[in-house]
Amino acid sequence: MQIVAIEDMFAWCDGRNGRVRINTMLIDEVRPGDWLLTFMGSAREAIDAGHAALINSALEALDRVAAGETHFDDCFSDLIDREPPLPDFLRSGYKG
């Protein structure tokens, strides 16, 4: 969600479902124009616009799946035609 106004420990944010009042007490200082990762009415993390776009694309894919659509590759253009990197513990021969 993108912040449009600040009000004490809250931010008015625009997102996929319109304008919402978000509690910002769990994160550092924010300003209008900043992007937030939110959950259940609270900001969890300040993120950059690129990260916000990726998250919004993934949420769009979930909406399409819920509506019964089967074509949503365009929502994951950052993943198409590339091998995902393994986490460090898998690259180093983790034996569990």
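Anything mentioned here points back to the structure above.
Here is a short report on the structure shown in this document. If you're wondering where the values come from, they're calculated on a predicted model, not measured in any experiment.

## Considering the packing of aromatic side chains
For the structure on display, the rule yields one aromatic pair. When the centroid spacing of 6.4 Å and the interplanar angle of 80 degrees are considered together, the rings of Phe 72 and Phe 76 count as edge-to-face. Looking at Arg 21, its charged tip hangs above the ring of Phe 10, at a distance of 3.6 Å from the centre.

## Description of the pattern of salt bridges
On inspection of all chains with the given rule, the structure shows seven salt bridges. Two residues, Arg 64 and Asp 74, come together in a salt bridge whose shortest N-O distance is 2.7 Å. Here the residue Arg 64 occupies a position in helix H1 (residues 49-66), and Asp 74 occupies one in the loop between H1 and helix H2 (88-91), the gap between them amounting to ten residues. When its relative accessible area of 16% is taken as the criterion, Arg 64 is described as buried. Through salt bridges with shared partners, a single network forms among Arg 16, Glu 60, Asp 63, Arg 64 and Asp 74.

## Concerning the side chain of Thr 24
As for its position among the elements, Thr 24 is in the loop between strand E3 (18-23) and strand E4 (35-39). For Thr 24, a relative accessible area of 7% corresponds to the buried category.

## A short note on the environment of Ala 52
Here Ala 52 is to be found in helix H1. Taking the C-alpha atoms as reference points, Ala 52 and Leu 36, separated by 16 residues in sequence, lie 7.7 Å from one another. Ignoring sequence-local partners within four residues, the contact set of Ala 52 consists of Trp 35 and Ile 47.

## Thoughts on H1
When the terminal C-alpha atoms of H1 are compared, their 26 Å separation across 18 residues agrees well with the 26 Å that a helix rising 1.5 Å per residue should span. Within the span of H1, buried status applies to Ala 52, Ala 61 and Arg 64. Turning to H1, the residues buried within the fold contact E4 and strand E5 (42-47). Near the N-terminus of H1, the side chain that reaches the backbone nitrogen of Gly 50, with its oxygen 3.1 Å away, is that of Asp 48.

Calculation notes
Residues numbered from 1 in each chain as written. Predicted model: local features only at pLDDT ≥ 70, side-chain atom pairs only at ≥ 80, totals over all residues. Heavy atoms only, no water. Phe/Tyr/Trp six-rings, centres within 6.5 Å; stacked < 30°, edge-to-face > 60°. Lys NZ or Arg CZ within 6 Å of the ring centre and 35° of its normal. Salt bridge = Lys/Arg side-chain N within 4 Å of Asp/Glu carboxyl O. Helix = DSSP H or I, 4+ residues; strand = E, 2+ residues; numbered from the N terminus. Buried < 20%, exposed > 50% of the residue type's maximum accessible area, 1.4 Å probe, protein only. Contact = heavy atoms within 4.5 Å. Expected span 1.5 Å × (residues − 1). Polar contact = N/O pair within 3.5 Å; in protein donor to acceptor, adjacent residues only side chain to side chain.

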